[in-house]
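The primary structure of each chain is shown beneath.
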Amino acid sequence: MAKSKPAKPAPAADAKPAVHPDIRPGQSIELLKELHILTREGQLNQDSRRKLKQVYHLYQFIEPLLAEVLAGTGDLTLADHGAGKSYLGFILYDLFLKSKEAGTVYGIETRKELVAHSRELAARLDFPRMKFLDVSVEESTGSAELPDRIAVVTALHACNTATDDAIRFALAKQARFVVLVPCCQAEVASVLRKNKNASFGLTPLSEIWRHPIHTREFGSQLTNVLRCLQLEAHGYQLTVTELVGWEHSMKNELIIARRTDAPRKNAMERLEKILEELNLTELRSRFAC
């Protein structure tokens with residue numbers, strides 16, 4: 001008679017769950033739980049898996065930039081605008097800066113309760129080189145709590161004109177790199193809509209935004225084109241790509257700008273021409289600066 005196999009011992013009640021295969025080695029499980037990416041049991045649901053994939057994919061683009069700055073200067077400053085709960089800042093610190101002796105992440109967010117929570121979490125996780133400011137972008141540009149120069153500026157899903165504010169901050173701080181994932185670009189679309197009747201008599205291109213859904217989509221596309229021209233006019237070289245597949249996010253465009261101090265000669269001229277041709281000259285102060 002064959003001997004029965006011995007039963008496997010039951011796992012101890014306090015045994016730690018296995019690390020999820022979607023999570024990077026060295027990633028703080030406690031951090032992911034605090035950011036509600038992991039459940040208290042250490043599990044991922046569909047929404048949190050999608051969010052984690054977006055942040056990790058963005059990290060793949062940003063990590064080489066951080067390494068380049070740190071290797072070149074021995075230090076690193078990063079300002080994350082419209083930080084919200086500071087998902088990006090915490091992930092960057094945890095995966096890149098935590099093991100290093102230099103480098104500071106600044107989270108800039110106007111909602112005081114989110115800033116207070118981020119400060120408390122950074123202290124609890126012993127992330128001493130994470131700082132959080134409850135100020136607007138305009139206020140942060142002149143804030144004594146920030147250095148005169150910032151190496152890397154990020155804005156992940158900063159809504160509407162918050163991305164433009166982050167660009168102005170980056171220009172003022174002479175940032176080496178600017179990383180943007182724009183969101184909810186409503187301002188240009190609203191001006192297109194307001195001036196629609198007048199535009200019909202100016203240019204046949206107004207047919208592009210005659211219908212409301214086209215106004216919204218064209219306005220969003222045009223906003224990012226103007227931003228790219230603005231950055232190129234100030235000496236940045238651009239890479240424009242998609243962040244993740246469209247099945248994960250419709251706000252999918254990733255703009256990475258590298259400062260070269262060699263402005264594209266005709267960038268501002270083309271920007272001005274677009275504003276004139278599309279009857280958007282009232283936005284000149286936002287983009288042509």
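Residues numbered from 1 in each chain as written. Predicted model: local features only at pLDDT ≥ 70, side-chain atom pairs only at ≥ 80, totals over all residues. Heavy atoms only, no water.

With respect to the sheet that holds strand 3 (residues 130–133)
Hydrogen bonds between backbone groups are what pair the strands of a sheet, and the pairing can be parallel or antiparallel. In plain terms, the rule: Pairing between two strands requires that DSSP report at least two bridges joining them. Here a strand is any run of E in DSSP of at least two residues, a helix any run of H or I of at least four, and the numbering for each starts at the N terminus. Angles shown run from 0 to 180 degrees and are taken between the N-to-C directions of axes, each axis being a line fitted to C-alpha atoms and, for helices, limited to the stretch in contact. Here a residue-residue contact requires only that any non-hydrogen atoms of the pair lie within 4.5 Å.
Reading across the sheet, the 7 strands line up as 3-2-1-4-5-7-6 and stay open at both edges, with mixed pairing between neighbours. Across the chains shown, the open sheet's two edge strands, defined by having one partner strand only, are strand 3 and strand 6 (236–242). Taking each pair of neighbouring strands and ignoring which way they run, the sheet shows an average axis angle of 15°. Strand direction decides the pairing type here: strand 4 (residues 152–159) and strand 5 (residues 177–183), joined by 6 bridges, are parallel. Along strand 5, the bridge assignment pairs Leu156 with Val181. Here helix 6 (residues 162–172) sits on the sheet and contacts strand 1 (77–81), strand 2 (104–108), strand 4, strand 5 and strand 6; the angle it forms with strand 4, its principal contact strand, is near 170°. In the packing of helix 9 (residues 212–233) onto the sheet, the strands contacted are strand 5, strand 6 and strand 7 (253–259), and the crossing angle to strand 6 comes to about 155°.

Description of the pairing of strand 3
Along a regular strand, successive side chains alternate from one face of the sheet to the other. Worth spelling out the cut-off: A crossover gets the label right-handed when its path from the first strand over the helix to the second runs clockwise, viewed with the strands pointing away from the viewer.
Sheet analysis places strand 2 next to strand 3, joined by 4 bridges and oriented parallel. Opposite Ile108, over in strand 3, you have Leu133 as the bridge partner. For the handedness criterion, the β-α-β arrangement of strand 2, helix 4 (residues 112–124) and strand 3 is classed as right-handed.

Regarding the packing of aromatic side chains
For clarity, the threshold we go by: Only Phe, Tyr and Trp rings take part, Trp by its six-membered ring, and two of them pair if their centres are within 6.5 Å. Stacked means planes under 30 degrees apart, edge-to-face means over 60, and tilted covers everything else. The rule for a charge over a ring is simple: NZ of Lys or CZ of Arg within 6 Å of the ring centre, and within 35 degrees of the ring normal.
All told, the structure shown has 4 aromatic pairs when counted by the stated rule. Counting every residue linked through ring pairs, the aromatic cluster contains Phe90, Tyr93, Phe127 and Phe132. Stacked on the ring of Tyr56, the Lys or Arg Arg24 has its end atom at 5.4 Å from the ring centre.

Describing unusual backbone geometry
Formally: Each residue is assigned to one of three classes by its accessible area relative to the maximum for its type, calculated with a 1.4 Å probe on protein chains only: buried under 20%, partly exposed between the two thresholds, exposed over 50%.
The backbone phi angle of Ser86 is positive, close to 65°, even though this residue is not glycine. Relative to the assigned elements, Ser86 resides in the loop between strand 1 and helix 3 (87–97). The exposure class assigned to Ser86 is buried, which follows from its relative accessible area of 2%. Residues other than glycine seldom take positive phi values, yet Asp261 does so here, at roughly 60°. Mapped onto the elements of the fold, Asp261 is located in the loop between strand 7 and helix 10 (267–277).

Regarding the packing of helix 6 against helix 9
The test is simple: Oblique is the label for any angle not covered by the other classes, which are roughly parallel (under 35 degrees), roughly antiparallel (over 145) and roughly perpendicular (65 to 115). Nonpolar residues are Ala, Val, Leu, Ile, Met, Phe, Trp, Tyr, Cys and Pro. Charged residues are Asp, Glu, Lys and Arg, and all others, Gly as well, are polar.
Between helix 6 and helix 9, the least distance of the axes is 11 Å, while the angle of their chain directions is 5°. Compared by their axis directions, helix 6 and helix 9 come out roughly parallel. Contacts between helix 6 and helix 9 pair Thr163, Asp164, Ile167 and Leu171 from the former with Arg227, Gln230 and Leu231 from the latter. Looking at the contact of helix 6 with helix 9, its residues break down into 3 nonpolar, 2 polar and 2 charged.

Observations regarding the nonpolar core
What counts is decided by this rule: Here, nonpolar core means buried Ala, Val, Leu, Ile, Met, Phe, Trp, Tyr and Cys residues that are tied together by side-chain atoms lying within 4.5 Å of each other.
Core analysis: the largest hydrophobic core is formed by 44 residues, its most contacted members being Leu76 and Phe90. Put simply, the parts of the chain that give this core at least two residues each are helix 1 (29–34), helix 2 (46–73), helix 3, helix 4, strand 3, strand 5 and strand 7. The element contributing the most residues to this core is helix 2, with 10 residues. Not counting chain neighbours up to four residues away, the residues in contact with Phe90 comprise Leu31, Leu35, Lys85, Ser118, Leu121, Ala122, Phe127, Met130 and Phe132. Counting residues in hydrophobic clusters, the runner-up holds 24 residues, among them Ile167, Phe169, Tyr236 and Ile255.

Notes on the pairing of strand 2
Within strand 2, 5 of the 5 residues are buried, which leaves it mostly tucked inside the rest of the structure. The alternating pattern of strand 2 places Thr104, Tyr106 and Ile108 on one face and Val105 and Gly107 on the opposite face, and all of these are buried. Of the pairings in the sheet, the one linking strand 1 to strand 2 comprises 5 bridges and is parallel in character. Its bridge partner being in strand 2, Thr77 is matched across the sheet by Thr104.

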